Structures are given as C-alpha cells and as structure tokens.
Amino acid sequence: PTIDVVGMHGGFTGEGIKTVLPSAASAKLSCRLVPGQTPARALAAVSAHLEREAARIPGLHVDVSELSFKADPYYADADSPANAAAARVLEGEYGAEPVLYRIGASIPAVGYFAKHLGARTTLLAFSHQDERAHSPNEFFRLDGGMRRARRTYAAILPALAEEHAKARAQGGARDEL
C-alpha cells in the first residue's frame, strides 16, 4: 500500500512574493490499496493518524475530506487462464519465459469488471523502466515496445480462447478478459 501526495496548496500563491506565514495549507492524498484493504478502512486509518499527530502540535487543526471516487484493490491469480495465455504469447514474442510479479497500479476498471461482471483480467505492460511511465517526461519506444505490443495483443485473443476452453473442459474456468 502507498500514500501519495498528489497536490498541495498553502501560503501566498499569487504573482510576486510575500513573506507571510500561511494560516492554512492543504494536501490531496491518494492511497493505492492491496487485497484485503478497503477504501473505508484506509481512510479511517489515515484520518486517525493525521488527527493523532496534529493533536501533538498546539493550534494545528486537521480536516479530512473524503473524495467521491474510490476503488477496491484488484488481484489477478497467477495461474488463471488469462495469465496462462499471456505467458504463452509473451514467451513466443520475447523468446524467454515471462516473470510474473505483483505491482501496484491504479486501474479501477479491472476491479469493477471483477466485482460487477465477474470478469477477471490480466494486465500487460511493454515499457521499460527508463521510459518513466506516468511521469511528466515519459516516452515510449516505437521500435520495440509499440510493435511488440501490437503483435502480442493480436496473438493473445486466440490464445485466451484456447486457455479458456481448456480450463472450462476441466471444469474450472471463470469468465476472463
């Protein structure tokens, strides 16, 4: 789980400079949750911590506001038919067995697919660490990542159908994307 400061405001922010002590400041936080956590419990824990720490500083007041958007964490089973299809296709594309690992990400739609549609998903990424995904100066190599992504996505649909049929024949398939 993480807590990120995604925005801050306080003091004089107009044109020029003024040497004043701010009477108020604010910060917008975002939490990435892991399986077993809920947005409500995370908010309660963060709020309690901030209020407990603020009580130690005379005159400091903390006001926590809940944003309207929340998303539950999502976990994709490593041995699912979707991951088996993805692993097979990626091994063919890269010539090596893929390494599966858990990573924190914020793609709320996959949690909603699972919760409301009963559809499990698998996620693929084609960027390299030096491409700085989601940072202000991110980039994506067309000669490697984009071409491999196109070939992989074209190949994964029939592989997914095969793996899903295999799992269904064994009596264990769920709907998967």
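Residue positions are counted from 1 within each chain, in the order its sequence is given. Local features are withheld for residues below a pLDDT of 70 in this predicted model, meaning they are given only at 70 or higher, and side-chain atom pairs are given and counted only at 80 or more; totals for whole chains, interfaces and linings count all residues. Here the side-chain values reflect all heavy atoms present in the structure, with hydrogen atoms and water set aside.

1. Some thoughts on the environment of Ala 167
Helix numbering and strand numbering both begin at the N terminus, where a helix is a DSSP run of H or I of at least 4 residues and a strand a DSSP run of E of at least 2. Its location among the elements puts Ala 167 in helix 4 (residues 142-169). Judged by its relative accessible area of 13%, Ala 167 falls in the buried class. For every residue, the accessible area (1.4 Å probe, protein chains only) is compared with the maximum for its type, and the residue is labelled buried under 20%, exposed over 50%, or partly exposed between those bounds.

2. Some details on the pattern of salt bridges
Salt bridge, as applied in this entry: a Lys or Arg side-chain nitrogen positioned within 4 Å of an Asp or Glu carboxyl oxygen. Overall, the coordinates contain 10 salt bridges when judged by the stated rule. Lys 115 is paired through a salt bridge with Asp 72; the nearest N and O atoms lie 3.7 Å apart. Here the residue Lys 115 occupies a position in helix 3 (residues 108-117), and Asp 72 occupies one in the loop between helix 1 (39-54) and helix 2 (81-94), the gap between them amounting to 43 residues. When its relative accessible area of 38% is taken as the criterion, Asp 72 is described as partly exposed. Put simply, Arg 88, Glu 162, Glu 163 and Lys 166 are held in one network by salt bridges that share partners.

3. Overview of the nonpolar core
Of all hydrophobic cores here, the largest spans 7 residues; its members are Ala 82, Ala 85, Ala 86, Val 89, Ile 156, Ala 159 and Leu 160. At the level of secondary structure, the elements contributing two or more residues to this core comprise helix 2 and helix 4. Counting residues per element, this core draws most heavily on helix 2, which supplies 4 residues. Nonpolar core, defined: a set of buried Ala, Val, Leu, Ile, Met, Phe, Trp, Tyr and Cys residues in which side-chain atoms within 4.5 Å join the residues together.

4. Topic: a nonpolar patch on the surface
Residues enter patches when they are more than 30% accessible in relative terms and free of salt bridges; like-charged ones are connected within 9 Å and nonpolar ones (Val, Leu, Ile, Met, Phe, Trp, Tyr) within 5 Å. Areas reported here follow the Shrake-Rupley algorithm with a probe of radius 1.4 Å; residue values treat only the protein chains shown as occluding. Together, Ile 3, Val 5, Met 8, Leu 29, Leu 50 and Val 64 give the surface a local cluster of nonpolar side chains, amounting to about 530 Å² of exposed area. With 3 residues, strand 1 (residues 2-10) is the largest single contributor of residues to the nonpolar patch. Note on placement: Met 8 falls in strand 1. Judged by its relative accessible area of 70%, Met 8 falls in the exposed class.

5. Focus on the environment of Pro 158
Turning to its location among the elements, Pro 158 is positioned in helix 4. Since its relative accessible area comes to 43%, Pro 158 is described here as partly exposed.

6. Quick word on the environment of Glu 131
Mapped onto the elements of the fold, Glu 131 is located in the loop between helix 3 and helix 4. When the C-alpha atoms of Glu 131 and Arg 141 are compared, they prove to be 8.0 Å apart, with 10 residues separating the residues in sequence. Not counting residues within four places of it along the chain, the set of residues in contact with Glu 131 comprises Phe 126, Asn 137, Glu 138, Phe 139, Phe 140 and Arg 141. Side-chain polar atoms of Glu 131 contact the side chain of Arg 141, separated by 3.0 Å. We call two residues in contact when some of their heavy atoms are within 4.5 Å. Think of a polar contact as two N or O atoms within 3.5 Å of one another; within protein, one of them needs to be a possible hydrogen donor and the other a possible acceptor, and neighboring residues in sequence only count if both atoms come from side chains.

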